[in-house]
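Structure at a glance
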Amino acid sequence: MSDETSFAGLFGRAPEIHTDAPGRVNLIGEHTDYSGGFVLPLAIPQRTRVELAKREEPRVRAWSANFGDSADRETPEVEEYRLGEEEPGHGWIDYVQGITEVLRHAGYTLGGFDLRVESDVPLGSGLSSSAALEVAVLRALREAYHLDLDDLRLALAGQKAENDFVGAPVGIMDQMASNLADETTALYLDTRSLHYEKVPLPAQAELLVINSGVSHRNATSEYRTRRRECEAAAELLSVPQLRDVGLQDLWRLGTLPEPLDRRARHVITENARVRSAVAALRERDLPRLGKLLDASHESLRNDYEVSIPEIDRLVELAKEEPGVFGARLTGGGFGGSIVVVTRRGAAREAGERIAKRYGEEIGKQATVMVPAYSPETILTRRTETGAQTPS
Ligand code: ADP
Ligand code: MG
């Protein structure tokens, strides 16, 4: 970190508050949250870190290391706006503006602040850098202004900022996961009631997460379409949300026009798969869990049509590896990452082989995000092998 882009370098004083929040990987339960369904995410080791200092005037200045590369500029790009004059359409700062607007409208009293953001959650890779940013900023503001925000209200404020201000019609999974999940227990969340339980990963299992290097940027309109299709399907089936249709009612989908029948089938079967996955985790039945991941991927690819060839290839390569129980697209799709369940001890090597074969075949760089490399491993690997390391 150069001095120029440290908090002091940017704002001429020390930060008062340091907070952070992790990205997340969803084990299973994809595109179910905006239909009131079930999800099963975990936190990933990568995090978004925020430094903040309050200001006297009601102005916000903010800088992000993920956007503010000042190498080719004379001064780092600091975004600025006045509290109460939030206005969308200004790029990443919209997430911060959305948060201050939502908090103000909810009656919280805020003052101005300086903010520095830095993240190793890859942006647009299905690992929810957006929620990590929202949760980290909300945590900093909660601390700075002593806001009476419990965990649920904090997550809901992040979602509202993203929905209403940024304009991304996301469900509640990401903010709940970033705020409440950890790396070894899955958060089994009912996205309608927001009731959740922690379900530990069995000791014999290990997670592997690989970023395809294909960003899902520009997928918002597809996401919006899927969301509308689910709402239309629910209306035709006379239920409030697709969450209210069970497997026993699958036959009713025959009355829906194409592609609403397939979209609904994905959501309904995916909700059932989440419940089965929770049972499989509790029974430590990894082959069963793996089959559920495989089936989830098929459903996302064929019925929900949110996969892409690169992701399909990563999933195929994963399934050829020894010690792999199952693999699927994770996150909203149209790029992003895969999640794989392996036998404990098998994930690292499998991940490296998959990334290598993918690079040779597809010519794009896949990155193993989980298991994460420790700083020592990165140093050793750089000097000894010159091998690819996560950025
Ligand atoms: P995902 O959440 O899957 O990573 P999104 O499209 O939902 O992808 O969110 C990515 C957007 O969130 C970025 O384009 C940027 O606007 C914002 N964002 C996320 N992390 C940061 C960060 N560290 N600094 C600045 N903006 C960020
Ligand atoms: Mg996001």
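Treat the numbers as computed from the prediction; the structure is a model and nothing was measured. (Residues numbered from 1 in each chain as written. Chains lettered and ligands numbered in written order. Predicted model: local features only at pLDDT ≥ 70, side-chain atom pairs only at ≥ 80, totals over all residues. Heavy atoms only, no water.)

**What about helix H6 (residues 220–236)?**
Helix length check: H6 (17 residues) gives 24 Å between terminal C-alpha atoms against 24 Å at 1.5 Å per residue, within 8%. Turning to H6, its buried residues number three or more, namely Tyr223, Arg226, Glu229, Cys230, Ala233 and Ala234. Axial view of H6: buried residues confined to an arc of 135 degrees, hence all on one face. For H6, the exposed residues set more than 90 degrees away from the buried face come down to Arg228, Glu235 and Leu236. Looking at the buried side of H6, the elements it contacts are helix H7 (260–282). One or two positions beyond H6, positive phi appears at Ser238, with a value near 55 degrees. (Helix = DSSP H or I, 4+ residues; strand = E, 2+ residues; numbered from the N terminus. Expected span 1.5 Å × (residues − 1). Buried < 20%, exposed > 50% of the residue type's maximum accessible area, 1.4 Å probe, protein only. Arc of directions from axis to C-beta. Contact = heavy atoms within 4.5 Å.)

**Considerations on the site of ligand 1**
Near ligand 1 you find 18 residues, and of these Ser64, Gly124, Ser129, Ser130 and His216 are the closest. Here a nitrogen atom of ligand 1 and a side-chain polar atom of Ser64 are 2.7 Å apart. Ser129 is positioned with one of its side-chain polar atoms (N or O) 2.6 Å from an oxygen atom of ligand 1. For ligand 1, the protein covers 85% of the area, taking 560 Å² as the surface of the free molecule. Those elements giving two or more residues to the shell around ligand 1 turn out to be strand E6 (113–119) and helix H3 (129–144). The leading source of residues in the shell around ligand 1 is H3, at 3 residues. Counted by class, the shell around ligand 1 contains 7 nonpolar, 10 polar and 1 charged residues. (Near = heavy atom within 4 Å. Polar contact = N/O pair within 3.5 Å; in protein donor to acceptor, adjacent residues only side chain to side chain. Areas by Shrake-Rupley, 256 points an atom, 1.4 Å probe, with all protein chains shown as cover. Nonpolar A, V, L, I, M, F, W, Y, C, P; charged D, E, K, R; others polar.)

**Re the sheet that holds strand E5 (residues 79–82)**
Taken in spatial order, the 5 strands line up as E1-E3-E6-E4-E5 in an open sheet, and their pairing is mixed. Two strands lie at the open edges of the sheet, namely strand E1 (17–26) and E5, each paired on one side alone. Across the sheet, the mean angle from the axis of one strand to that of its neighbour is 25 degrees, orientation sign disregarded. Alignment of strand E4 (residues 59–64) against E5, held across 4 bridges, turns out to be antiparallel. (Pairing = 2+ DSSP bridges. Axes fitted to C-alpha atoms, helices over the stretch in contact; angles between N-to-C directions.)

**Describing the nonpolar core**
Core analysis: the largest hydrophobic core is formed by 43 residues, its most contacted members being Leu208, Leu242, Ile338 and Ile354. At the level of elements, strand E9 (205–211), H6, H7, helix H9 (309–319), strand E10 (324–330), strand E11 (337–343) and helix H10 (347–362) are the ones that each hand at least two residues to this core. Counting the residues that make up this core, at least three belong to each of domain 1 (3–197) and domain 2 (203–385). Ignoring sequence-local partners within four residues, the contact set of Leu208 consists of Ile338, Val339, Val340, Thr342, Ala347, Ala350, Gly351, Ile354, Val368, Val370 and Pro371. (Core = buried A, V, L, I, M, F, W, Y, C linked by side-chain atoms within 4.5 Å. Domains from an automatic or database assignment.)

**A look at the pairing of E11**
Most of E11 is tucked away, with 6 of its 7 residues classed as buried. In textbook terms, the turn of a hairpin is the stretch between consecutive antiparallel strands, and for E10 and E11 this stretch comprises 6 residues, one of which, Gly331, has a positive phi near 90 degrees.

**Observations regarding the packing of aromatic side chains**
Overall, the coordinates contain 4 aromatic pairs when judged by the stated rule. For the pair Tyr34 and Tyr223, a centre-to-centre distance of 5.4 Å together with 55 degrees between the ring planes defines the contact as tilted. Placement of the pair is Tyr34 in the loop between E1 and strand E2 (38–39) and Tyr223 in helix H6, with a sequence separation of 189 residues. For Tyr34, a relative accessible area of 6% corresponds to the buried category. Look at Phe67 and Trp92: their rings are 6.3 Å apart centre to centre, the planes differ by 15 degrees, and that puts the pair in the stacked class. Here Phe67 is found in the loop between E4 and E5, whereas its partner Trp92 is found in the loop between E5 and helix H2 (93–105), with 25 residues between them in sequence. Overall, the relative accessible area of 44% leaves Phe67 in the partly exposed class. (Phe/Tyr/Trp six-rings, centres within 6.5 Å; stacked < 30°, edge-to-face > 60°.)

**A look at the side chain of Thr48**
With respect to the helices and strands, the residue Thr48 is situated in strand E3 (residues 41–54). Filtering out sequence-adjacent residues up to four positions away, Thr48 remains in contact with Thr19, Asp20, Ala21, Val117, Glu118, Ser119, Val121, Ser129, Ala132, Leu133 and Ala136.

**Focus: the pattern of salt bridges**
Taken as a whole and judged by the stated rule, the model has 36 salt bridges. Residue Arg227 pairs with Glu231 through a salt bridge whose shortest N-O separation is 3.5 Å. Here Glu231 and Arg227 lie together in helix H6, a separation of 4 residues that amounts to about one turn. By relative accessible area, which is 43% here, Glu231 ends up partly exposed. A cluster of three or more residues bridged by salt bridges with shared partners is formed by Arg13, Arg55, Glu57, Arg61 and Asp114. (Salt bridge = Lys/Arg side-chain N within 4 Å of Asp/Glu carboxyl O.)

**Description of the packing of H3 against helix H5 (residues 173–180)**
With their axes 9 Å apart at the nearest point, H3 and H5 run at an angle of 55 degrees to one another. Between H3 and H5, the interaxial angle falls into the category oblique. Pair H3 / H5 crosses with right-handed handedness. Along the contact surface, H3 presents Ala131, Ala132, Glu134, Val135 and Arg139, while H5 presents Asp174, Gln175, Ser178 and Asn179. Split by residue class, the contact of H3 with H5 holds 3 nonpolar, 3 polar and 3 charged. (Parallel < 35°, antiparallel > 145°, perpendicular 65-115°, else oblique. Left-handed = near helix turned anticlockwise from the far one by under 90°.)

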